[in-house]
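Spelled out from the first residue to the last, the chains are:
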Amino acid sequence: MDTRRIPFTEEDERRIASASTWGIIIAVTSIATAVISLLMQSSGLYDLLVMVERKGIVALFPLGQAAVTVLVNVWLLQASLAFRKVAHTDEADQAHLLAGFRHLRGYFMVQVIVILAAIGLSIFFMLFAASILGR
Amino acid sequence: MQDHNPYAPPSPTADPPEGRGLVFSEEGALVVSSLAAWMRGLSTLYYVGLGGIVLLLSCTMLAPAPGAAKGVILGIILAVVLWLGVVATWLRSAAGGFERGVLSDDEITLGQGFRSLRAYLILTGIFSILAFGFTILGVST
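All values derive from a computational prediction rather than experimental measurement.

Visitor: Please explain the overall build of chain B as it appears in this structure.
Guide: Summing up its helical and strand segments, chain B has three helices and zero strands in all. Walking chain B from its N terminus toward its C terminus, one meets helices and strands in the order α-α-α. The buried share of chain B, taken over its 141 residues, is 35%. Surface summary for chain B: the accessible area is close to 8400 Å², and the carbon and sulfur share equals 71%.

Structure follows, in structure tokens:
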């Protein structure tokens with residue numbers, strides 16, 4: 001483990017701590033929102049299974065959406081906790097910083113992939129609908 | 001064995017000057033470069049979304065609608081456009097700060113990256129808290 005300390009200014013350390021606090025707020029509220037929304041849409045596992053039987057795989061979409069939201073925000077939470085250590089401790093700053101950057105990369109990477117997949121799926125369904133209407 | 005000479009000129013092993021206290025590994029530099037690329041990618045998508053909304057805005061302006069409703073829709077769209085633009089700009093600025101800071105081993109530039117990241121997280125955080133509040137309101141009603 002890299003035990004090097006990074007000589008951030010006091011002001012920068014305060015900003016890093018503040019950024020990590022906001023990261024934790026976003027992660028916790030987003031996970032809570034995703035879980036509550038999922039529970040509102042399907043009141044229990046039985047309800048979800050009935051929906052899958054009726055609507056097919058499309059019914060699993062809210063579950064997938066919630067799972068991605070939780071995964072992405074767990075990464076943000078981990079990144080924020082690592083940045084908090086950079087701000088509040090003077091040991092292994094570089095190792096904590098790198099761990100934070102790694103988790104933050106996962107957070108942004110999945111967001112980009114999900115947005116691109118959503119755009120791709122929208123275009124696919126629009127073309128599909130257009131081809132059906134054109135027949 | 002050589003004794004320490006207090007009158008010797010500064011050597012490369014002497015204390016680094018202020019603002020150069022970082023020495024990132026090659027792996028660390030790769031991680032940050034990749035992080036910066038994904039952050040820039042997301043900010044580009046935000047700009048694309050912003051363009052789409054502006055297009056929608058021009059369509060709304062042309063569509064016939066009652067004055068008050070048109071005003072409300074216009075206000076919401078303008079707020080979203082402003083939010084997206086600011087968020088995308090802070091995200092891009094944070095990506096640049098992190099990359100430059102790590103590649104030049106400069107903690108001051110890295111600190112600037114954190115400053116921009118903090119601004120981005122505050123703006124996103126406000127949105128996240130609002131979404132949470134609306135979800136709770138939806139549960140209680």
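More follows now that the structure is in view.
Visitor: Looking at this structure, I do not really get the overall build of chain A. What am I missing?
Guide: Counting its regular elements, chain A contains four helices and zero strands. Element order for chain A, N to C, with α for helix and β for strand: α-α-α-α. Split into buried and exposed, the 135 residues of chain A put 36% on the buried side. Partitioning the contacts of chain A with sequence separation of at least 6, the portion at a separation of at least 24 is 72%. Surface summary for chain A: the accessible area is close to 7900 Å², and the carbon and sulfur share equals 69%.

Visitor: Can you walk me through the nonpolar core in this structure?
Guide: A:Phe101, A:Leu104, A:Phe108, B:Phe98 and B:Leu117 are the most contacted members of the largest nonpolar core, which totals 49 residues. Secondary structure elements with two or more residues in this core: helix 1 (10-41), helix 3 (61-88) and helix 4 (93-134) of chain A together with helix 1 (26-62), helix 2 (67-103) and helix 3 (107-140) of chain B. For this core, the element with the most residues is helix 1 of chain B, which contributes twelve residues. Contacts of B:Phe98, omitting those with residues within four sequence positions, involve A:Phe101, A:Leu104, B:Val32, B:Leu35, B:Met39, B:Leu110, B:Gly113, B:Phe114 and B:Leu117.

Visitor: In this structure, what is going on with helix 3 of chain A? I would like to understand it.
Guide: At 3.6 residues per turn, the α-helix brings residues three or four places apart onto the same side. The end-to-end C-alpha distance of helix 3 of chain A, which contains 28 residues, comes to 40 Å, matching closely the 40 Å that a straight helix rising 1.5 Å per residue would cover. Taken together, the buried positions of helix 3 of chain A are occupied by A:Pro62, A:Ala66, A:Val72, A:Asn73, A:Leu76, A:Ala79, A:Ser80, A:Ala82, A:Phe83, A:Val86 and A:Ala87. Turning to helix 3 of chain A, the residues buried within the fold contact helix 1 and helix 4 of chain A together with helix 3 of chain B.

Visitor: Whenever I open this one, the layout of surface pockets confuses me. Can you help?
Guide: Rolled over the atoms, a probe sized like a water molecule indicates the empty space that remains. Residues and elements named next belong to chain A. Here the largest pocket is characterised by a volume of approximately 1400 Å³. Around the largest pocket, the lining is made up of 41 residues, and of these Gln65, Thr69, Gln111, Val114 and Ile115 lie nearest the centre. A total of eleven residues in the lining of the largest pocket trace back to one element, the largest contributor, which is helix 4. Tallied by class, residues from the lining of the largest pocket come to 28 nonpolar, 13 polar and no charged.

Visitor: When you look at the interface of chain A and chain B in this model, what are you seeing that I'm missing?
Guide: The figure often quoted for interface size is the accessible area lost as the parts come together. Listed per partner, the contact involves 38 residues of chain A and 40 residues of chain B. Broken down residue by residue, the surface that chain A buries against chain B is led by A:Trp22, A:Phe101 and A:Phe108, which jointly contribute 18%. The tally of links from chain A across to chain B stands at two salt bridges. B:Arg115 is paired through a salt bridge with A:Asp12; the nearest N and O atoms lie 3.3 Å apart. If you look at where chain A meets chain B, you find six residue pairs in polar contact (both at pLDDT 80 or more). For the side of chain A that touches chain B, the secondary structure elements donating two or more residues are helix 1, helix 3 and helix 4 of chain A.

Visitor: Even after reading the chapter, I still don't get the packing of helix 1 of chain A against helix 3 of chain A, so can you show me in this structure?
Guide: In a packed pair of helices, the relevant descriptors are the angle between the two axes and the axis-to-axis distance. All names here are of chain A. Two numbers describe how helix 1 lies on helix 3: the axes approach to 8 Å, and their chain directions differ by 160°. The angle between helix 1 and helix 3 falls in the class roughly antiparallel. Helix 1 and helix 3 meet at a crossing whose hand is left-handed. Here the residues of the contact of helix 1 with helix 3 are counted per class, giving 20 nonpolar, nine polar and two charged.

Basis of the calculations
Residues numbered from 1 in each chain as written. Chains lettered and ligands numbered in written order. Predicted model: local features only at pLDDT ≥ 70, side-chain atom pairs only at ≥ 80, totals over all residues. Heavy atoms only, no water. Helix = DSSP H or I, 4+ residues; strand = E, 2+ residues; numbered from the N terminus. Buried < 20%, exposed > 50% of the residue type's maximum accessible area, 1.4 Å probe, protein only. Areas by Shrake-Rupley, 256 points an atom, 1.4 Å probe, with all protein chains shown as cover. Contact = heavy atoms within 4.5 Å. Core = buried A, V, L, I, M, F, W, Y, C linked by side-chain atoms within 4.5 Å. Expected span 1.5 Å × (residues − 1). 1 Å grid on protein atoms, 1.4 Å probe; cavity = no way out; pocket = protein on both sides within 12 Å on 5 of 7 lines; lining within 4 Å. Points joined across faces, edges and corners; volume = space filled by probe spheres on them. Nonpolar A, V, L, I, M, F, W, Y, C, P; charged D, E, K, R; others polar. Buried area = accessible area lost by both parts, 1.4 Å probe. Salt bridge = Lys/Arg side-chain N within 4 Å of Asp/Glu carboxyl O. Polar contact = N/O pair within 3.5 Å; in protein donor to acceptor, adjacent residues only side chain to side chain. Axes fitted to C-alpha atoms, helices over the stretch in contact; angles between N-to-C directions. Parallel < 35°, antiparallel > 145°, perpendicular 65-115°, else oblique. Left-handed = near helix turned anticlockwise from the far one by under 90°.

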